[in-house]
Amino acid sequence: MTDLQSALFFGIIALTTILTRALPFLLFPSHKETPRYITYLGNVIPFAMIGMLVVYCLRNVSLQSFPFGLPELIAIAVITILHLWKGNTLLSIGVGTVTYMVCVQFIFI
């Protein structure tokens, strides 16, 4: 890329970043009440994203060949039990990830 192209490229990226950061404040100023559908989306989207991430992570699990999805099942069980016990999302995800990696790297080789 030429210097002009690089400058334009990074300028557009910077402008887009600034716009995406400022747009919510411009559309929904603090002195006005937030529309109900935006509040609704703010409540539902996090759960929908978690559901999509779970489906995405489990999309290539084969139940018909070794290890029959056991590392994933063990990690999900650890995450669920730990979260119900401690109620700490970060701890649950961290320990679940370590559990999965130990299963994949050392147990189900």
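Anything mentioned here points back to the structure above.
Residues numbered from 1 in each chain as written. Predicted model: local features only at pLDDT ≥ 70, side-chain atom pairs only at ≥ 80, totals over all residues. Heavy atoms only, no water.

Focus: the packing of aromatic side chains
Argument step 1. For the structure shown, the criterion picks out three aromatic pairs.
Argument step 2. Seen in terms of ring centroids, Phe 9 and Phe 10 are 5.1 Å apart; in terms of plane orientation they differ by 80°. Their pairing is edge-to-face.
Argument step 3. A relative accessible area of 41% places Phe 9 in the partly exposed class.
Argument step 4. Taking 6.3 Å as the distance between ring centres and 90° as the angle between the ring planes, the aromatic pair formed by Phe 66 and Phe 68 counts as edge-to-face.
Argument step 5. Three or more aromatic residues joined by ring pairs make a cluster, and in this case those are Phe 66, Phe 68 and Phe 108.
Argument step 6. Positioned over the ring face of Tyr 56 is Arg 59, at 4.0 Å from the centre of the ring.
Argument step 7. Directly above the aromatic system of Trp 85 lies the positively charged group of Lys 86, at a separation of 4.5 Å from the ring centroid. (Phe/Tyr/Trp six-rings, centres within 6.5 Å; stacked < 30°, edge-to-face > 60°. Buried < 20%, exposed > 50% of the residue type's maximum accessible area, 1.4 Å probe, protein only. Lys NZ or Arg CZ within 6 Å of the ring centre and 35° of its normal.)

Notes on the side chain of Ser 92
Argument step 1. By the element assignment, Ser 92 lies in helix α4 (residues 89-107).
Argument step 2. On the accessibility criterion, Ser 92 (2% relative accessible area) is buried.
Argument step 3. Among the polar contacts listed, one links the side chain of Ser 92 to the backbone oxygen of Asn 88, at a separation of 2.8 Å.
Argument step 4. Not counting residues within four places of it along the chain, the set of residues in contact with Ser 92 comprises Ile 79, Leu 82 and His 83. (Helix = DSSP H or I, 4+ residues; strand = E, 2+ residues; numbered from the N terminus. Polar contact = N/O pair within 3.5 Å; in protein donor to acceptor, adjacent residues only side chain to side chain. Contact = heavy atoms within 4.5 Å.)

So, a nonpolar patch on the surface
Argument step 1. Among the surface-exposed residues, Tyr 37, Tyr 40, Leu 41, Val 44, Ile 45 and Met 49 lie close enough to one another that they form a single nonpolar patch of about 590 Å² accessible area.
Argument step 2. With respect to the element layout, Tyr 40 can be found in helix α2 (residues 36-57).
Argument step 3. On the basis of relative accessible area, Tyr 40 is assigned to the exposed category, the value being 53%. (Patch = residues over 30% accessible without salt bridge, like charges linked within 9 Å, V, L, I, M, F, W, Y side chains within 5 Å. Areas by Shrake-Rupley, 256 points an atom, 1.4 Å probe, with all protein chains shown as cover. Salt bridge = Lys/Arg side-chain N within 4 Å of Asp/Glu carboxyl O.)

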